Amino acid sequence: MSPTDPEAPPTASNGDAAARIGPHPGYISSSNQYASELKIRRMLRENGCDPAREDNYRLQGVQLIDTVRQHLNLPVRTFDTACTYFHKFRLNFRDAEYNYQDAALASLFVACKVEDTIKKSRDILAAAYNVKNPDKPAASDDKIFESPGKIIIGLERLILETIGFDFRTRYPQKLLVKVVRSILGREAGESFFKIAYAMSIDMYKTFVPIKRTTFSMVMALVELTARMTGQHLDAVKEFAARRPQYHRPAVLETMLDILDLYVQYHKSTKVGTQFDLNRFMDIKIALNTELEKDFISRHMYHCSRCENEDPTPATPGSATSPTATLSSWPGDLSMRRTARGQDGTMRFVFDPEAAREEQDTVAPYFNEEYEEYEVEVEEPIPPPQHEHEGGGRGGYRGHGHGPRDRSDYRRGGSYGGGYRGADRHYRGRRYH
């Protein structure tokens, strides 16, 4: 490519930096439907979340979404979407920047628009207020909802930016009905489906919905229900063996995450109160034994380098286990939250490949290439200034004042001539 080629990146001479051509390309944000366990741990560590407090806020926020959803008679798909947005929002913002209740209601507000079950912000606030205060209900046009309504509308914009305007979500309940009917039939699977359906609601109190695919979540719910009830486990395994998309490590991780929820928060779930706590612990031990036998990692996409950097092992539960500490979280594994600049515009691109191609095209025009060089310069040291040249009896003979001290600054002995040079190294950059 010749220097006069119009398609070549701009160059500059005389050591000046390359001048920019055209406006700043801005910043690109591309949505990501899934997040690994290591990425979730890293984001929680960067936000400085306290594990126990984060667990409580997450459980209470999802419970608030479910309660308000039932009060407004909204479908379960709206609940799934709202919980997904709620989890993603809390992973990107610190707890000190917002109230978890406002975030939960704002997520439900956005989910109502996405799922075409539109509700006004005042309707959602009034429903939340009436659930909490059933003796003193308030209408949606009450003045007490003016200020909270503005907060929800403000959080709506942040939620849209967090999800990258990508409104795709997963609804495991719809596929759960089909899988249970395929395995057990319509009548025989009715009682089985009730437990599995309640477990699908409890699952959204964990980070499983933003980690796994719909089929992995459904198969984990079905197998875990079969293990809980002690029925149809062989039929479930036969059904899974015939499905090429079935991935055993993903299903095992999902089941263990749900079991961690039931073991640690037994009374805060729908299914946890229906079974004995020892039953959950026995199933968890059996699944961990299977992991060790088949040499399967507890979490998928495990990074051994991060494990070596952090000698403290991670807890067998999820990233927000109450026994987890900040020292047990691994290092940085993914990009930080997109930072905005003052000289660029934030743009949201749905296709990651298109975003990467655009960045590669623009990068040569904004990257500075340079080489380092060193220059040696001999710099003389100036002679000392003497206040007393004479050396009489009453004169001061301290360092730097008497004639005997001149030898300290001469090159050739006590009274040698010339000044000693000092070699100085200067480092610079030469831009291309």
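The name an unreviewed UniProt entry gives the protein is RNA polymerase II holoenzyme cyclin-like subunit, with Trichoderma longibrachiatum ATCC 18648 as the organism. UniProt, in the comment section headed Sequence similarities (unreviewed entry), describes the protein in these words: "Belongs to the cyclin family. Cyclin C subfamily."

K.L.:
So what exactly am I meant to see when it comes to the overall build of the protein here?
P.N.:
Of regular secondary structure, the protein possesses 14 helices and four strands. By residue count, 42% of the 432 residues in the protein fall in the buried class. Long-range pairs, those at least 24 residues apart, make up 74% of the contacts in the protein with a sequence separation of at least 6.

K.L.:
Can you help me understand the pattern of salt bridges in this one?
P.N.:
When the charged atoms of two side chains lie near each other, side chains of opposite charge can form a pair. Scanning all chains against the criterion turns up 23 salt bridges. For Arg248, the salt bridge identified is with Glu223, shortest N-O distance 2.7 Å. Of this pair, Arg248 sits in helix 11 (residues 248-264) while Glu223 sits in helix 9 (residues 214-229), placing them 25 residues apart in sequence. The pair formed by Arg248 and Glu223 is uniform in burial state, with each residue classed as buried.

K.L.:
Can you help me understand the packing of helix 3 (residues 76-92) against helix 4 (residues 100-114) in this one?
P.N.:
Each pair of packed helices can be described by the angle between their axes along with the distance between the axes. Where helix 3 meets helix 4, the closest approach of the two axes is 8 Å, and the angle between their N-to-C directions is 135°. Taken together, helix 3 and helix 4 sit at an angle that is classed as oblique. The handedness of the crossing between helix 3 and helix 4 comes out as right-handed. Touching Thr78, Thr81, Ala82, Tyr85, Phe86 and Phe89 of helix 3 are Tyr100, Ala103, Ala104, Ser107, Leu108, Val110, Ala111, Cys112 and Val114, all from helix 4. For the contact of helix 3 with helix 4, the class distribution of residues is twelve nonpolar, three polar and no charged.

K.L.:
Looking at this structure, I do not really get the nonpolar core. What am I missing?
P.N.:
Met199, Met219 and Val222 are the most contacted members of the largest nonpolar core, which has 76 residues in total. Element by element, the count of residues in this core is highest for helix 9, at ten residues. With eight residues, the next largest nonpolar core counts Ile40, Met43, Leu44 and Phe207 among its residues.

K.L.:
Even after reading the chapter, I still don't get the layout of surface pockets, so can you show me in this structure?
P.N.:
Gaps left between atoms show up when a probe the size of a water molecule is rolled over them. Here the second largest pocket is characterised by a volume of approximately 400 Å³. Residue lining of the second largest pocket: 18 residues in total, with Leu64, Gln101, Leu105, Ala128 and Lys132 positioned closest to the centre. Residue contributions to the lining of the second largest pocket peak at five residues, all from helix 5 (residues 121-132). Grouping the amino acids of the lining of the second largest pocket by side-chain chemistry returns eleven nonpolar, five polar and two charged.

Thresholds, definitions, all that
- One numbering rule holds for all chains: residues counted from 1, following each sequence as written.
- With the structure being a predicted model, the display of local features is reserved for residues of pLDDT at least 70 and the display and counting of side-chain atom pairs for 80 or more, all residues being used for whole-chain, interface and lining totals.
- The side-chain figures draw on all heavy atoms in the structure; neither hydrogens nor water molecules are used.
- UniProt positions are given in the numbering used here, feature names are shortened, and annotations may be inferred rather than shown by experiment.
- Strands here mean DSSP runs of E at least two residues long; helices mean DSSP runs of H or I at least four residues long; both are numbered from the N terminus.
- Accessible area is worked out with a 1.4 Å probe on protein chains only. A residue is then buried under 20% of its type maximum, exposed over 50%, and partly exposed in between.
- In what follows, residue pairs with any heavy atoms lying within 4.5 Å of each other are defined as contacts.
- The rule for a salt bridge is simple: a side-chain nitrogen of Lys or Arg has to be within 4 Å of a carboxyl oxygen of Asp or Glu.
- Where helices are involved, their axes are fitted lines through C-alpha atoms of the stretch in contact, as for all axes, and angles between N-to-C directions lie from 0 to 180°.
- What sets the label is the angle itself: under 35 degrees gives roughly parallel, over 145 gives roughly antiparallel, 65 to 115 gives roughly perpendicular, and the rest give oblique.
- By definition, turning the near helix anticlockwise from the far helix through less than a right angle yields a left-handed crossing, and turning it clockwise yields a right-handed one.
- Under the convention adopted here, Pro, Cys and the residues Ala, Val, Leu, Ile, Met, Phe, Trp and Tyr are nonpolar, Asp, Glu, Lys and Arg are charged, and Gly plus all remaining residues are polar.
- What we call a nonpolar core is a set of buried Ala, Val, Leu, Ile, Met, Phe, Trp, Tyr and Cys residues that are connected through their side-chain atoms within 4.5 Å.
- Buried and open spaces are told apart on a 1 Å grid over the protein atoms alone, a cavity being a set of points where a 1.4 Å probe fits but cannot get out and a pocket being an open set with protein on both sides within 12 Å along at least five of seven lines. Residues with an atom within 4 Å of a point are the lining residues.
- Grid points are joined across faces, edges and corners, and a volume is the space filled by probe spheres set on the points.

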